[in-house]
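# Understanding the architecture of this molecule
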Amino acid sequence: MSVIFMGSDSSGMLHLEINGKGYSYKVDALLIPGWKKMIDNGAGFKALGQIKKHCTWWRNNTTGKITLT
């Protein structure tokens, strides 16, 4: 099981690969560097918990399904 940081942009779109599947999250862009550092340091699932807590919506990139939070 793994969380891989795939990229982000200044508008707050965060792209992750979680267990081989792509996901996108809409978050506050200022929080992304801290989460990237956590993921890079091996605390990917801890970062993912915080990301899900702070996102306004997320999308499963495989199915295109968007979930509002």
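Summary of the structure given here. (Residues numbered from 1 in each chain as written. Predicted model: local features only at pLDDT ≥ 70, side-chain atom pairs only at ≥ 80, totals over all residues. Heavy atoms only, no water.)

Moving on: the overall build of the protein. Scanning the protein for helices and strands turns up two helices and five strands. Here the protein has a C-alpha radius of gyration of 11 Å; the compact-globule value for 69 residues is 11 Å, and the two agree. Expressed along its principal axes, the backbone C-alpha trace of the protein runs to roughly 30 × 25 × 20 Å. Burial statistics for the protein: of 69 residues in total, 32% are counted as buried. A sequence separation of at least 24 residues applies to 36% of the contacts in the protein between residues at least 6 apart. Accessible area for the protein stands at about 4,300 Å²; split by element, carbon and sulfur atoms hold 57% of it. Considering the protein, the positive charge centre built from 9 side chains and the negative charge centre built from 4 side chains are found 8 Å apart. (Helix = DSSP H or I, 4+ residues; strand = E, 2+ residues; numbered from the N terminus. Rg over C-alpha atoms; globule rule 2.2 N^0.38 Å. Buried < 20%, exposed > 50% of the residue type's maximum accessible area, 1.4 Å probe, protein only. Contact = heavy atoms within 4.5 Å. Areas by Shrake-Rupley, 256 points an atom, 1.4 Å probe, with all protein chains shown as cover. Lys, Arg positive; Asp, Glu negative; His and termini not counted. Charge placed at Lys NZ, Arg CZ, Asp CG, Glu CD.)

As a further point, take the nonpolar core. Counting residues in each nonpolar core, the largest one holds 16 residues, and the members touching the most others are Leu-14, Leu-16, Ile-18, Tyr-25, Val-27, Trp-35 and Ile-51. Of all the secondary-structure elements, those providing two or more residues to this core are strand E1 (3–8), strand E2 (13–18), strand E3 (21–26), helix H1 (32–40) and helix H2 (44–54). Sequence-distant contacts of Leu-14, defined by excluding residues within four places in its chain, comprise Phe-5, Gly-7, Ser-8, Tyr-23, Ser-24, Tyr-25, Val-27, Ile-32, Trp-35 and Ile-51. (Core = buried A, V, L, I, M, F, W, Y, C linked by side-chain atoms within 4.5 Å.)

Take the packing of H1 against H2 next. With their axes 7 Å apart at the nearest point, H1 and H2 run at an angle of 155 degrees to one another. Viewed along their axes, H1 and H2 adopt a mutual orientation that is roughly antiparallel. Considering how the two elements wind past one another, H1 and H2 form a crossing that is left-handed. Seen from H1, the contacting residues are Trp-35, Met-38 and Ile-39; seen from H2, they are Gly-44, Lys-46, Ala-47, Gln-50, Ile-51 and His-54. By residue class, the composition of the contact of H1 with H2 is five nonpolar, three polar and one charged. (Axes fitted to C-alpha atoms, helices over the stretch in contact; angles between N-to-C directions. Parallel < 35°, antiparallel > 145°, perpendicular 65-115°, else oblique. Left-handed = near helix turned anticlockwise from the far one by under 90°. Nonpolar A, V, L, I, M, F, W, Y, C, P; charged D, E, K, R; others polar.)

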